[in-house]
Amino acid sequence: AAAPRPSPPPARPPPMSLPRPSALLLRHIRRPAPAAMPRRFSSSVAPDKKKGNTTSNLFPTAEKITSSASKQVNTQEPVEVSFDEVAGAYHRIRNDILRTSCKRSHYMSKALGMEVYFKKEFQHESGSFKERGACNALHNLSPEQKKCGVIAASAGNHALALARHGKRMGIPVTVVMPTVAPMTKVMNCREYGARVLIEGQHIVESKGYAETLMGEEGLTYINGYDHPDIIAGAGTVGWEALEQVPDLDAIVVPVGGAGLIAGIAVVMKTLKPDVQVIGVEPKLCASYSDSLDAGKVVNSTAGATLADGLAVPRIGDNAFKTAQTRVDRMIKVDEQSIALAVLRLTEMEKCVVEGGGATGLAALLQGECPDLKGKKVVLPLCGGNIDITVLGRVIERGLAADGRLIRFISTVSDRPGGIAGVTKILADHGASIKEIFHERAWLQSNVYSVQIKCVVEVIDREHGLKVHRELLKGGFPTIMYDAEDAVGKEFEKDSQEMLKLLDAGNLRA
């Protein structure tokens, strides 16, 4: 019998197809070349030996795109990420990363008086924009580095992104997470096949342990917000936003370690320099603003904030060098505005977004950008990994900040039917009691009176004001709390006056 014919060798896959350049990018290509600037990375491509010329096209073939991983990195001096690196990242990851939507919000545009577009980065499988940088960094590893594996310290999003793409690309991933990391994120990383080590009380201690392990096991450490490949990958958010909203006027970006805003700023200031790049960070951890004031990267105090993903006590050196001259301004937001932004997105946009991802909207709700009225503004919603229990607490804080959850103390008679009078007024005027507590011991008034502490749901601040006035009219001295605006101050002023009348015996107890 004839021997079986050997199977033919597998066909070589065709070269990776390149995206068709948009009109905006073609205009950039046709610009005259800028004067030579000292850069860590070269923006040119090696000469073609056959044709004897040098290719400088924005979209070179896959084999010719330069990567930051292939170059020597000086760890002592911060480096500036170039536009060509972001272009290379966009080419490299476009088949592996979801192109997230960027659509106009009818409700928020009407409420804020500007054209608001939400770039929904929480749509990625792992729940955040971190997939872009992680995918780019893993693609740029050498074959030996891919074989040995990578390591990172992270409490959440970066760990999930590395674990997901490491599993897809067959690269071993080790993640060191602090003891405060949410258990759901720990379990999800393990589901992706990553080796998860719980070490350190906070991310700084976890990073120290990861660096020790890196030397012992020959792993490659990938910083979640300061590695050049991470910054370049994050910049593709801005690239897509420009293609989806070509005539945008501003982009408002959450800032933690500053990798995201650095990458986006590179794209915006290269392709459309008139776009305002605005950064937002929580007041309780304003590490970028502190470094900006000092003129260099400094350590800051990281307080407990609803935007826990942005609570980075020291921003990245490479990110700061890249963003310092490209970011137009910074805004600090308070906790009430962050909670209200999460509430608005959940209720009106049907989007579950973590506190850090909602800070861009928080800045607009806080009234920090009146100059953007009537303009087109893009807000990256950069993450949606929030625990259900935390989401419940954030929503309650948002309701309180919105005046729809009010708290008051009312003095009533300590006789049968005393509390019933208060509850009847609340029921007659459409207020729903959420909690009620009866207080007898710690009182300043007569012994025949008691206090009830109530948490009540109302429609809005005006409804709460109406309920308060009806309680006063009914003869129940009431002090309202948790409202810092003019209405809240009026509540407290009226309440204090009613208590004085009560103590003077001019009102019934």
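Not measured: the values here are computed from a predicted model. Position numbers for residues start from 1 in each chain and track the written sequence from start to end. Whole-chain, interface and lining totals are the exception, using all residues; otherwise, since this is a predicted model, local features are given only for residues with pLDDT of at least 70 and side-chain atom pairs are given and counted only at 80 or more. Side-chain descriptors were evaluated using all non-hydrogen atoms of the structure, hydrogens and water having been removed beforehand.

Caption draft 1: Here's a closer look at the pattern of salt bridges. We define a salt bridge as a contact between a side-chain nitrogen of Lys or Arg and a carboxyl oxygen of Asp or Glu at a distance within 4 Å. A complete count under the given rule lists 21 salt bridges for this structure. Lys119 is the partner of Glu240 in a salt bridge, and the nearest nitrogen-oxygen pair spans 2.7 Å. Of this pair, Glu240 sits in helix H10 (residues 236-244) while Lys119 sits in strand E2 (residues 115-120), and the two are 121 residues apart along the sequence. Exposure categories follow from relative accessible area, calculated using a 1.4 Å probe and restricted to protein chains: below 20% of the type maximum is buried, above 50% is exposed, and the middle band is partly exposed. With a relative accessible area of 0%, Lys119 lands in the buried category. Here Lys376 and Asp247 are joined by a salt bridge, their closest N and O atoms 2.8 Å apart. In this pair, Lys376 is assigned in strand E10 (residues 376-381) and Asp247 in the loop between H10 and strand E7 (250-254), connecting sequence segments 129 residues apart. The exposure class assigned to Asp247 is partly exposed, which follows from its relative accessible area of 38%. Each of the salt bridges in this network shares a partner with another, and the network as a whole consists of Lys119, Glu121, Arg132 and Glu240. Every helix listed is a DSSP run of H or I at least four residues long, and every strand listed is a run of E at least two residues long, numbered separately from the N terminus.

Caption draft 2: Structural detail: the sheet that holds strand E13 (residues 449-457). In space, the four strands of this open sheet follow the order E12-E13-E11-E14, with antiparallel pairing throughout. In the strand order of this sheet, the two ends are held by strand E12 (432-439) and strand E14 (478-481), each with one partner. For this sheet, the mean angle separating the axes of adjacent strands, direction not counted, is 20 degrees. Two strands qualify as a pair provided DSSP detects at least 2 bridges between them. The pairing of strand E11 (residues 405-413) with E13 spans nine bridges and is classified as antiparallel. By the bridge assignment, Arg407 is partnered in E13 with Val455. Any two residues whose heavy atoms approach within 4.5 Å at even a single point are treated as in contact. Axis lines are fitted to C-alpha atoms, over the contacting stretch for helices. Their N-to-C directions set the angle, which ranges from 0 to 180 degrees. Helix-sheet contacts for helix H18 (residues 461-473) involve E11 and E14, and the interaxial angle to E14 is about 160 degrees.

Caption draft 3: Summary view of the packing of aromatic side chains. Any two rings among Phe, Tyr and Trp, with Trp reduced to its six-membered ring, count as a pair given centres within 6.5 Å; such a pair is stacked if its planes are under 30 degrees apart, edge-to-face if over 60, and tilted if neither. This model, assessed by the stated rule, comprises three aromatic pairs. Judged by centre distance (5.6 Å) and plane angle (5 degrees), the rings of Phe83 and Trp239 are stacked. Residue Phe83 is located in helix H2 (residues 83-93), and its partner Trp239 is located in helix H10; the two are separated by 156 residues in the primary sequence. Here the two residues Phe83 and Trp239 agree in accessibility, since each one is buried. Every member of this aromatic cluster is reached through a ring pair, and the members are Phe83, Tyr90 and Trp239.

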